[in-house]
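# Topology and contacts: notes
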Amino acid sequence: MVTRVQHPSCGQAIAIVWSGWVLFTSVGMCTAASSQSLRWSLHASRDAHYPGEPVLLTLTVSNSGDQGQAAYFEDDLEVSSVEIRNLSGEVLTRGSTINRAAGGIRPTPLQAPPGRTSSRSVVLNRWCSTLLLPAGTYEVVCRVRCRLAPEDPAQPGTGLRWRGSVQTKELRVNVSIVQMDLQKFRDRLERRRTQAFPTAFMEKFPTVAEEYTAREMLASTESTLAVPYQLQMLTGGGLATALGRDAVNSLARSNTLEAAVGLMKLIENGKSQDVRWDLIQAVYRLRESGQPEIITATDGFIQSYERSLLRWHQVERDVSN
């Protein structure tokens, strides 16, 4: 028996191509029109910051259209790159994209329902340092890379997130750095610690988002005053891996004996195992500061812990041989 394959006629073929083109074009036009209804903005949480104090920025998306949108970010952070410029436009500090460990959880999309405004927090100091900036006003330029698509459908896995085009938004905001006031800076750190580690005796309990943001800001603080708080974060456990790495990085840059001793205790006590490689690297980075007290305190440590180039397979030397 011979099976006959019936090919579409010329008219049918044209109709199929036309239908596909109309569908593709309508999706593209819908996405373009929807993206034009979105307004992006960036603002700082306070008017003035001390050198090294984490600058909390808020990324806001307002939707004036009649179709809900969702912004899917390309990596596991919201910002692709950040620059700090003086008011003459000269770039003083530039931070590139922060790449987390492979397999990390991507953030949920930033939903923008019709007629609504949505926002997400961004800590500037994760990209750019403000520690050495003299007092003055600066312009922060953030480039946000995302893919726009209709709001999450009722049934996940339908592939709607891939329909939108990748877009890059450039957002700007002015940030002021003022002369250091140590007492006020300490007070701000203590308030953040209270929110980051709430107790049952608090009058106003922070939300989950407020607690996470407070921990993120403590982890990113560039000051020797923050060293005890950052060690507390790592000692307590239950910290998100990304925040743990931020805290370890800040400790490594503090160039203090307190940080070196604290890091070695964390390693020897088996604390913060998910960032153990980072802890070992941080001790070696502290030794690179050249401070005699740090080198003396860590001499025994480097005899037991090798600075392995393999991120997840640390090699410990057997000191008995």
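Cut-offs applied
- Residues numbered from 1 in each chain as written.
- Predicted model: local features only at pLDDT ≥ 70, side-chain atom pairs only at ≥ 80, totals over all residues.
- Heavy atoms only, no water.
- Helix = DSSP H or I, 4+ residues; strand = E, 2+ residues; numbered from the N terminus.
- Expected span 1.5 Å × (residues − 1).
- Buried < 20%, exposed > 50% of the residue type's maximum accessible area, 1.4 Å probe, protein only.
- Contact = heavy atoms within 4.5 Å.
- Phe/Tyr/Trp six-rings, centres within 6.5 Å; stacked < 30°, edge-to-face > 60°.
- Salt bridge = Lys/Arg side-chain N within 4 Å of Asp/Glu carboxyl O.
- pLDDT = per-residue confidence, 0-100.
- Pairing = 2+ DSSP bridges.
- Axes fitted to C-alpha atoms, helices over the stretch in contact; angles between N-to-C directions.

Okay, helix H5 (residues 241-254) next. Between its first and last C-alpha, H5 extends 20 Å over 14 residues, near the 20 Å set by a 1.5 Å rise per residue. Among the 14 residues that make up H5, ten are buried, leaving the element largely enclosed by the rest of the structure. For H5, the complete set of buried residues consists of Leu243, Gly244, Arg245, Asp246, Ala247, Val248, Ser250, Leu251, Ala252 and Ser254. Contacts from the buried residues of H5 go to helix H3 (208-220), helix H4 (227-236), helix H6 (257-268) and helix H7 (276-287). Positive phi shows up at asparagine 255, right after H5, with a value of about 55°.

Right, let's get into the packing of aromatic side chains. Summed over the entire model, instances satisfying the criterion amount to two aromatic pairs. When the ring of phenylalanine 301 is compared with that of tyrosine 305, the centres are 4.6 Å apart and the planes differ by 20°; the resulting orientation is stacked. Judged by relative accessible area, phenylalanine 301 falls into the buried class, the value being 4%. The exposure class of tyrosine 305 is buried, given its relative accessible area of 11%.

Secondary-structure assignment places asparagine 63 in strand S3 (residues 56-63). A relative accessible area of 3% places asparagine 63 in the buried class. Other than its neighbours up to four places away in sequence, asparagine 63 contacts Ser37, Leu38, Gly68, Gln69, Ala112, Pro113, Pro114, Gly115 and Arg116.

What the rule picks out here adds up to 17 salt bridges. Between arginine 126 and aspartate 246 there is a salt bridge; the shortest N-O distance is 3.2 Å. Of this pair, arginine 126 sits in the loop between strand S8 (117-123) and strand S9 (136-150) while aspartate 246 sits in helix H5, and the two are 120 residues apart along the sequence. Take arginine 126 and aspartate 246: they sit in the same class, and that class is buried. We note a salt bridge from glutamate 170 to arginine 143, for which the minimum N-O separation is 3.2 Å.

Parts of the model with low pLDDT should not have their predicted coordinates read in detail. Residues with a pLDDT of 70 or more make up 74% of the chain, whose mean pLDDT is 79. Low pLDDT, under 50, characterises residues 1-8; the stretch is placed with two contacts to residues that sit more than four places away or in other chains. Counted against residues more than four places away or in other chains, residues 100-105, with its pLDDT under 50, gives eight contacts.

Attention now goes to the environment of proline 150. Mapped onto the elements of the fold, proline 150 is located in strand S9. A sequence separation of 38 residues divides proline 150 from alanine 112, and the C-alpha atoms of the two residues are 9.3 Å apart.

Time to look at the sheet that holds strand S1 (residues 38-44). The strands making up a sheet are joined through hydrogen bonds of the backbone, oriented either antiparallel or parallel. The strand order across the open sheet built from three strands is S1-S3-S8, with neighbouring strands paired in antiparallel fashion. The strands lining the two open edges of the sheet, one partner per strand, are S1 and S8. Geometrically, the sheet is characterised by an average inter-axis angle of 20° between neighbouring strands, direction not taken into account. As judged from the seven bridges shared by S1 and S3, these two strands associate in the antiparallel manner. When the bridges of S3 are listed, tryptophan 40 appears paired with valine 61.

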